Structure formats: structure tokens, C-alpha cells
Amino acid sequence: MTGSMSSDVQNRLQWSLLSLRLGVFIVMVMWTFDKFVNPGHSARIFEHFYGISGSSDIVAYVIGALQLVLVLAFLAGIKKRITYGIIFVMHGLSTLSSYNQYIDGFNNLLFFTAWPMWAACFALYLLRDQDVKFTVK
């Protein structure tokens, strides 16, 4: 290769980034829908993992609505520096706030799936300018 990537490598990179964006979106949109379908679950998560108690259904709905706008903008590739960055930070806070589950890892194996997803969020943030397949220009 000379100074720029070959079109084949560029094409494969774009499809790879799209697959990461779709995978992250699927997880994030399900967590978003959970706030509407089961707001009590969100209240328990806020209390257990973030120490925020007294959350009402209305709070879950408002957070869910804001999160839905964010994850849809993320999916569409709108304002990538902002949306990809917020997704990376949000998922990072979620991952790190679960530290007690990692201490008893073999009884909480599913919590470890947060780490490769956080890595995917980081990769998407770093490569956001190359993530152009099916994005809003």
C-alpha cells in the first residue's frame, strides 16, 4: 500500500465498523426500552449500581426518552464525536459501576460481556471518521 488504504481494506473497515455500531446499538436500545417496559427495574439498577434511590417511573421514562434520542443518533452516525463519546462514557460508567460483580466473577459471568462492548465503543470513537457506511452525512 502507498500512503492511503486500499479500497478493499477501506471497504472491509467500513463494514467492520458498521457491524460494531449495530452490535452496540442493539444492546443500548434494549437497555433503553427496558426503561419504558419495566421502569421499576431501572429504579433498582440506579439504586444498586449508582447509589441513586427514590427514582420514579417518570424519571425512568425521561431518561429513556433522552437515551432513545442518543442511541438513534448513534445508530445514524449523527455528530459522531458527541454521540459516540457519550455512548463510550455511559457504557464505561456502567461497566465500572459493576465492580462488585467482577470480584465474584464466576457467579456473575455475564457482567464480563460489558468489557468487549466497551472496547467496541472505544474503537468506534477512535475510528469515527472512518465509520461512514449507512451514516447521515
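The name an unreviewed UniProt entry assigns to the protein is DoxX protein, from the organism Pseudoalteromonas arctica.

**Student:** Residues and numbers for unusual backbone geometry, please.
**Tutor:** Positive phi, close to 45°, is recorded for Lys79, a residue that is not glycine. Relative to the elements of secondary structure, Lys79 occurs in the loop between helix H3 (57-76) and helix H4 (80-97). For Lys79, a relative accessible area of 61% corresponds to the exposed category. Even without a glycine there, the phi angle at Phe134 is positive, about 60°.

**Student:** Explain the pattern of salt bridges to me, and be specific about the residues and the numbers.
**Tutor:** One pass over the structure, following the stated rule, counts 2 salt bridges. For Arg12, the salt bridge identified is with Asp8, shortest N-O distance 3.0 Å. Of this pair, Arg12 and Asp8 both sit in helix H1 (residues 7-37), 4 residues apart, which is roughly one turn of that helix. When its relative accessible area of 44% is taken as the criterion, Asp8 is described as partly exposed.

**Student:** How would you explain the UniProt feature "transmembrane region" (unreviewed entry) in the protein if you had to name every residue and give the values?
**Tutor:** Feature annotation in UniProt assigns "transmembrane region" (unreviewed entry) to the following positions: residues 12-33, 58-77, 84-103 and 109-127. Annotation note: span residues 12-33, helix share 100%, strand share 0%, distance between end C-alpha atoms 31 Å. Between the C-alpha atoms that bound residues 58-77 the distance is 29 Å, and the span itself is 95% helix and 0% strand.

**Student:** Give a description of the packing of H1 against H3 that names residues and reports values.
**Tutor:** Their axes nearest at 8 Å, the elements H1 and H3 cross at an angle of 165°. Classified by the interaxial angle, the pair formed by H1 and H3 is roughly antiparallel. H1 and H3 meet at a crossing whose hand is left-handed. Residue-level inspection shows Arg21, Leu22, Val24, Phe25, Met28, Val29, Trp31, Thr32, Phe33, Lys35 and Phe36 of H1 in contact with H3, the latter providing Ala60, Tyr61, Ile63, Gly64, Ala65, Gln67, Leu68, Val71, Leu72, Phe74 and Leu75. Of the residues in the contact of H1 with H3, the class split is 17 nonpolar, 3 polar and 2 charged.

Here is what the cut-offs are and how they apply
- Residues numbered from 1 in each chain as written.
- Predicted model: local features only at pLDDT ≥ 70, side-chain atom pairs only at ≥ 80, totals over all residues.
- Heavy atoms only, no water.
- Helix = DSSP H or I, 4+ residues; strand = E, 2+ residues; numbered from the N terminus.
- Buried < 20%, exposed > 50% of the residue type's maximum accessible area, 1.4 Å probe, protein only.
- Salt bridge = Lys/Arg side-chain N within 4 Å of Asp/Glu carboxyl O.
- UniProt positions renumbered as here; feature names shortened; annotations may be inferred.
- Axes fitted to C-alpha atoms, helices over the stretch in contact; angles between N-to-C directions.
- Parallel < 35°, antiparallel > 145°, perpendicular 65-115°, else oblique.
- Left-handed = near helix turned anticlockwise from the far one by under 90°.
- Contact = heavy atoms within 4.5 Å.
- Nonpolar A, V, L, I, M, F, W, Y, C, P; charged D, E, K, R; others polar.

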